[in-house]
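# Reading the structure
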Number of protein chains: 2
Amino acid sequence: MQKPTLPKGTRDFGPEQMRKRLFILDTIRQTFQRFGFQPIETPSMENLSTLTGKYGDEGDQLLFKILNSGDFAASLTELDLASGSKKITPKIAEKGLRYDLTVPFARYVVMNRNDLTMPFKRYQMQPVWRADRPQKGRYREFYQCDADVVGTDSLLCEAEIVLMIHEVFRNLTIQDFTVKINNRKILAGIAEVIGVPGQEGTLSVAIDKLDKIGKEKVLDELRGRGFSDDTIAKLEPLFSFDTPDATQVLDQLKTWLSTSDTALQGIAELDETLQFVEQYGLSNIHVEIDPTLARGLSYYTGAIFEVKANGVSIGSVSGGGRYDNLTGAFGMPGLSGVGISFGVDRIYDVMDELNLFPASAGQGTQVLIVPFDTEARAVALPLLSQLRAANIAAEVYPDLAKVKKMMDYANAKNIPFVVLIGSEEVQTGVLALRNMVTGEQHKVTAEELLQRLS
Amino acid sequence: MQKPTLPKGTRDFGPEQMRKRLFILDTIRQTFQRFGFQPIETPSMENLSTLTGKYGDEGDQLLFKILNSGDFAASLTELDLASGSKKITPKIAEKGLRYDLTVPFARYVVMNRNDLTMPFKRYQMQPVWRADRPQKGRYREFYQCDADVVGTDSLLCEAEIVLMIHEVFRNLTIQDFTVKINNRKILAGIAEVIGVPGQEGTLSVAIDKLDKIGKEKVLDELRGRGFSDDTIAKLEPLFSFDTPDATQVLDQLKTWLSTSDTALQGIAELDETLQFVEQYGLSNIHVEIDPTLARGLSYYTGAIFEVKANGVSIGSVSGGGRYDNLTGAFGMPGLSGVGISFGVDRIYDVMDELNLFPASAGQGTQVLIVPFDTEARAVALPLLSQLRAANIAAEVYPDLAKVKKMMDYANAKNIPFVVLIGSEEVQTGVLALRNMVTGEQHKVTAEELLQRLS
């Protein structure tokens, strides 16, 4: 008999992990809803025609593909076989697993365009799958929590995203975090000003690594990619933004990039966004402008967001931005939107490292009833009904086992209270309530028990 | 440009459906937890070695298989190609999608056997995938909600399942339902008594269809399967249980099946289970013994459950039973357990047909703020902060659009309240609150607004 195993890069979540994960998911969901985002869900499988070509060549290779049902090989020829796996794939697999939540959302918007009221604010919390090489903190199946608003280019939406990020992290009790914000147009302007217009993509790939490899290596990489010494010298001001003061950063940027209309537009957008944020009148807003923030650029055309948890080894826990052409690939051009994505696994690791999960997030059953014999059980069952009716998670040990065994069960399940029912309790109706944390034991009536645990 | 489509048998869930589905899922989850079941989740993909051979030949064919990453075809030969799809599959696919929650649970128990405290009560709410021919009400991806307790054969667990079913349906406000219960040992006893011992499987396949095709066709089928006229004549008492009175049914069964020790044990188990149920002291318990209930038998060895919603076209919405050998296939024999599975899609259809979803289940944003101009928006944003701080789902229309457009947006999103802010409101600080259902409009202060919507 072979021992069962898990496919590499996948995980089981046991009760304790699950309760903590549910705490995170519930908190994010409630915050999304409070901000007027509406839930949707899309299928785990999409047609490969929907998925391929949307994530670059590397992404296409990381798609999990599903073998067609039935006699999939019937149409395969020896010639196909000789032409290799890549050529065979479309003949035997027409579906793939969701790679992110953005492309399925775009497909959903296009398919439902006539029924959706714009601006459309949706959130989506579902697993995605990537055939990545598994490594620490990187899994082949993981949850994404995305919120996007499409059909408007109002910068108020950027402000809402900034505030919602704050709300999510505060509700999770993560206090020490920074929301970094940048704008694609500023990156484009930098490329213009240093003499490589249109090359903000190449530029961004390098400066995205600033945190990890440092300034000198970033410059080496740019040299390697053909940037001249003159160009690189002009980039110098980019490394001098070391103030968290937004107004000062905006001023510095205006001076440095004054010759680029694109940059000035990006700066104005950032400025307006931050003014909106201020109008909400909330204290303790942690926004910093970071002109080096690029997040691989991908499809971002305006704002770019990233959230960092401070004081922990894990860096980025959330990111997003504005895009101008979400649905273009599906024949519906010009739809602008802005969104944010929260990574549940990374948030979990941050909260675990900082010991932030509230006790209630680990809490399962609140009270175990321990009847010593059949008569005691007849007292236990109606009591169980009462406890549950009062919304108290309660259970009875199902077998008539030794008391020690039942107490061990309570301890192993971290059940904080145990009600012991022996012959004395059956006769008097007074119960023995034991606090499993302190070891204290009190005599209580059923009524007192309900009051105490409610 | 090709129009995007969904893979057949799969569905998108839009905001309204999602909110209703979340209401069902939350209700089931809370009830499971109140009964002391703990959450786990397993990966969507399992090794095919874990899945195959567990669901019969038909099941194996309905597994969705995932194409190996990389150059999967490298090892394929022309000989492989000639030998057909079935032979090729194991060479190019080593993972498959979860087909149900039971096999992954069994795998989880075996892999974590040293860390689990028995009895282990777990619940699991996740999608499963089956490459079934799609048809009305049957999808290729659908949610299952399972609760099982393993590691004890106490019949108190059967009673708990019966009560939990009641609790789930009551919390969903489905009042008119029947929990049917039977026992595999009674079916085995019937087979004995009518002279075909050990053939309760064949017998059950036929009588499972009683509701759909009627008695005469069931008997025809049994004749077709080689049951003699004598045997069939002895089956007659099975069709005479038309009372909901459990005691009477148990008595009738005892008389009919008195020569089968197995049957008598099954009857005693049913009896004890129902006595436990009674001890909980709850009113309005809808349990009926149905000696024809088999649910395809599958791996059930003791109790068999089925829940029917009454007065609707959809029949069974939930089912389960006791099994003696959950983990035997993974090298851990003799683990007994009992479980129940709720079908979210069917419960959704029942609630939709009976119009049972509470208004709150469809409720998204509670109030939309409609500022007429920039000054009004400066008043709107801090108000928005206050509303959200009071846990009220609130949004502001992001663009400065025509009032009618903003009101249309509120109507389309079923937002029940709108706060209008024009120049008068900016000057006086008194807001106009419009009830979008009744059309009434009132002047309120920000404080009154918060009170009214809380």
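All values reported here derive from a predicted model rather than from experimental measurement.

Moving on, we come to the overall build of chain A. Secondary structure assignment for chain A yields 19 helices and 16 strands. The C-alpha extent of chain A, read off along each of the three principal axes, is 90 × 65 × 45 Å. Considering only intrachain contacts with a sequence separation of at least 6, the fraction spanning at least 24 residues in chain A is 67%. Here chain A has roughly 18,700 Å² of accessible surface; of this, 47% comes from carbon and sulfur atoms. If the 49 positive side-chain charges of chain A are averaged to one point and the 59 negative ones to another, these points end up 6 Å apart.

This part takes up the nonpolar core. For soluble globular proteins, nonpolar side chains are generally found buried alongside one another. Of all hydrophobic cores here, the largest spans 106 residues; its most connected members are Phe32, Trp256, Phe342 and Ile347 of chain A together with Leu387 of chain B. Here the element with the most residues in this core is helix α7 (residues 156-171) of chain A; it accounts for 10 residues. With residues up to four places along the chain from it excluded, the contact list for Phe342 of chain A reads Ile28, Phe32, Tyr143, Gln144, Cys145, Ile165, Val168, Phe169, Val317, Ser318 and Ile347 of chain A. The next biggest cluster of nonpolar side chains, apart from the first, holds 105 residues, and it includes Leu381 of chain A together with Phe32, Ala263 and Val287 of chain B.

Before going further, it helps to spend a moment on the environment of Pro90 of chain B. For Pro90 of chain B, the position within the fold is in helix α5 (residues 85-92). Between the alpha carbons of Pro90 of chain B and Leu48 of chain B there is a distance of 8.4 Å; along the sequence they are 42 residues apart.

Let us look at the relation of the copies chain A and chain B. You can overlay chain A on chain B at an RMSD of 0.0 Å; the transform is a turn of 180° with a shift of 0.0 Å along its axis. This pairing of chains is accounted for by a two-fold axis. Of the C-alpha atoms belonging to chain A, the one lying closest to the rotation axis is found on Ile66 of chain A, 2.3 Å away. A shared binding surface is used by both copies, with 100% of the interface residues of chain A retained as interface residues in chain B.

Turning our eyes to something else, we now look at the packing of helix α9 (residues 200-207) of chain B against helix α10 (residues 210-224) of chain B. To characterise two packed helices, one gives the angle between the axes of the helices and the distance between these axes. Residues and elements named next belong to chain B. One way to put it is that α9 packs onto α10 with a least axis distance of 8 Å and a crossing angle of 135°. With respect to α10, the axis of α9 lies oblique. On α10, the residues touching Thr202, Leu203, Val205, Ala206 and Ile207 of α9 are Leu210, Val218, Glu221 and Leu222.

For the peptide bond that leads from Met118 of chain A to Pro119 of chain A, omega is -10°, which places it in the cis range. Its location among the elements puts Pro119 of chain A in the loop between α6 (102-111) and β5 (120-129). Of note in this structure, Asn355 of chain B is not a glycine but carries a positive phi near 60°. Relative to the assigned elements, Asn355 of chain B resides in the loop between α14 (344-353) and β12 (367-371). In this structure, Asn414 of chain B is a non-glycine residue whose phi angle is positive, near 55°. Following the sequence through the fold, Asn414 of chain B ends up in the loop between α16 (403-412) and β14 (417-421). Here Asn414 of chain B falls in the exposed class, since its relative accessible area comes to 57%.

Parsing chain A into structural domains produces domain 1 (15-43 + 99-353) and domain 2 (364-453). On a C-alpha basis, the centroid separation for the pair domain 1 of chain A and domain 2 of chain A is 51 Å.

What the rule picks out here adds up to zero disulfides over all chains. In this model Cys145 of chain B remains outside any disulfide bridge; the closest cysteine sulfur is found in Cys145 of chain A, 19 Å from its own. With relative accessibility at 0%, the residue Cys145 of chain B sits in the buried group.

As a further point, take the interface of chain A and chain B. The partner chain B presents 103 residues to the 103 residues of chain A that form the contact. With both sides pooled, the region where chain A packs onto chain B buries about 8,600 Å², and carbon together with sulfur makes up 61% of that total. It is Arg34, Glu41 and Arg388 of chain A in chain A that bury the most area against chain B; as a group they hold 8% of the surface buried on that side. Joining chain A to chain B, the criterion identifies six salt bridges. Among the ionic pairs, Lys121 of chain B bridges to Glu395 of chain A, the shortest N-O distance being 3.3 Å. The tally of links between chain A and chain B comes to 36 residue pairs in polar contact (both at pLDDT 80 or more). Within the side of chain A that touches chain B, the residues separate by chemical class into 54 nonpolar, 27 polar and 22 charged.

A word on the pairing of strand β10 (residues 316-323) of chain B. Two faces, one strand: in a regular strand the side chains alternate between the faces of the sheet. Residues and elements named next belong to chain B. The element β10 is extensively covered by neighbouring structure, given that eight of its eight residues are classed as buried. Relative to β10, strand β9 (residues 300-309) runs antiparallel, the two sharing six bridges. Directly across from Lys308, in β10, lies its bridge partner Ser316. As consecutive antiparallel partners, β9 and β10 are separated by six residues, and within that stretch Gly311 has a phi angle of approximately 75°, a positive value.

This next bit is on the sheet that holds strand β13 (residues 394-396) of chain B. All names here are of chain B. Reading across the sheet, the five strands line up as β13-β12-β14-β15-β16 and stay open at both edges, with mixed pairing between neighbours. At either end of the open sheet lies a strand with only one pairing partner, and these are β13 and β16 (441-444). Across this sheet, the average inter-strand angle for adjacent strands is 25°, counted without regard to direction. Sheet topology note: the β14/strand β15 (residues 431-435) ladder contains four bridges and is antiparallel. Of the residues in β15, the one forming a bridge with Val418 is Arg434.

Each value, and the rule that gives it
Residues numbered from 1 in each chain as written. Chains lettered and ligands numbered in written order. Predicted model: local features only at pLDDT ≥ 70, side-chain atom pairs only at ≥ 80, totals over all residues. Heavy atoms only, no water. Helix = DSSP H or I, 4+ residues; strand = E, 2+ residues; numbered from the N terminus. Contact = heavy atoms within 4.5 Å. Areas by Shrake-Rupley, 256 points an atom, 1.4 Å probe, with all protein chains shown as cover. Lys, Arg positive; Asp, Glu negative; His and termini not counted. Charge placed at Lys NZ, Arg CZ, Asp CG, Glu CD. Core = buried A, V, L, I, M, F, W, Y, C linked by side-chain atoms within 4.5 Å. Buried < 20%, exposed > 50% of the residue type's maximum accessible area, 1.4 Å probe, protein only. Least-squares fit on C-alpha atoms with pLDDT ≥ 70 in both. Axes fitted to C-alpha atoms, helices over the stretch in contact; angles between N-to-C directions. Parallel < 35°, antiparallel > 145°, perpendicular 65-115°, else oblique. Domains from an automatic or database assignment. Disulfide = S-S within 2.5 Å. Buried area = accessible area lost by both parts, 1.4 Å probe. Salt bridge = Lys/Arg side-chain N within 4 Å of Asp/Glu carboxyl O. Polar contact = N/O pair within 3.5 Å; in protein donor to acceptor, adjacent residues only side chain to side chain. Nonpolar A, V, L, I, M, F, W, Y, C, P; charged D, E, K, R; others polar. Pairing = 2+ DSSP bridges.

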